[in-house]
Amino acid sequence: MTKEQKALYQEANALKDILIKTLSGRKFKLDCGHHITFGHYLGNDITIYNGKEFKVICSQCGH
Ligand SMILES: [Zn+2]
């Protein structure tokens, strides 16, 4: 990876800031049919399949 390419990548904390600000307290139905409440300590973990369109499922269904 070149220095210019490397510079395009932000730190993980920047991603977490976006997730916390956007998702905290919100509830969703996932593609697998399970539910998630973000920012809840007992909430499901999720797996995000990357690509042109995201597919989001809980980590229990993510294998
Ligand atoms: Zn699931």
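Residues numbered from 1 in each chain as written. Predicted model: local features only at pLDDT ≥ 70, side-chain atom pairs only at ≥ 80, totals over all residues.

Observations regarding the overall build of the chain
Along its length, the chain carries two helices and four strands. Reading the chain from its N end, one meets helices and strands in the order α-α-β-β-β-β. In terms of C-alpha radius of gyration, the chain reaches 14 Å, well past the compact-globule figure of 11 Å for 63 residues. Once the C-alpha set of the chain is aligned to its principal axes, its extents read approximately 40 × 25 × 15 Å. Within the chain, the fraction of its 63 residues that count as buried is 0%. (Helix = DSSP H or I, 4+ residues; strand = E, 2+ residues; numbered from the N terminus. Rg over C-alpha atoms; globule rule 2.2 N^0.38 Å. Buried ≥ 20, exposed ≤ 12 C-beta atoms within 10 Å, placed from the backbone.)

Quick notes on the environment of Lys16
Here Lys16 lies in helix H2 (residues 12-23). Spatially, the C-alpha atoms of Lys16 and Gly33 are 25 Å apart, while their sequence positions differ by 17 residues.

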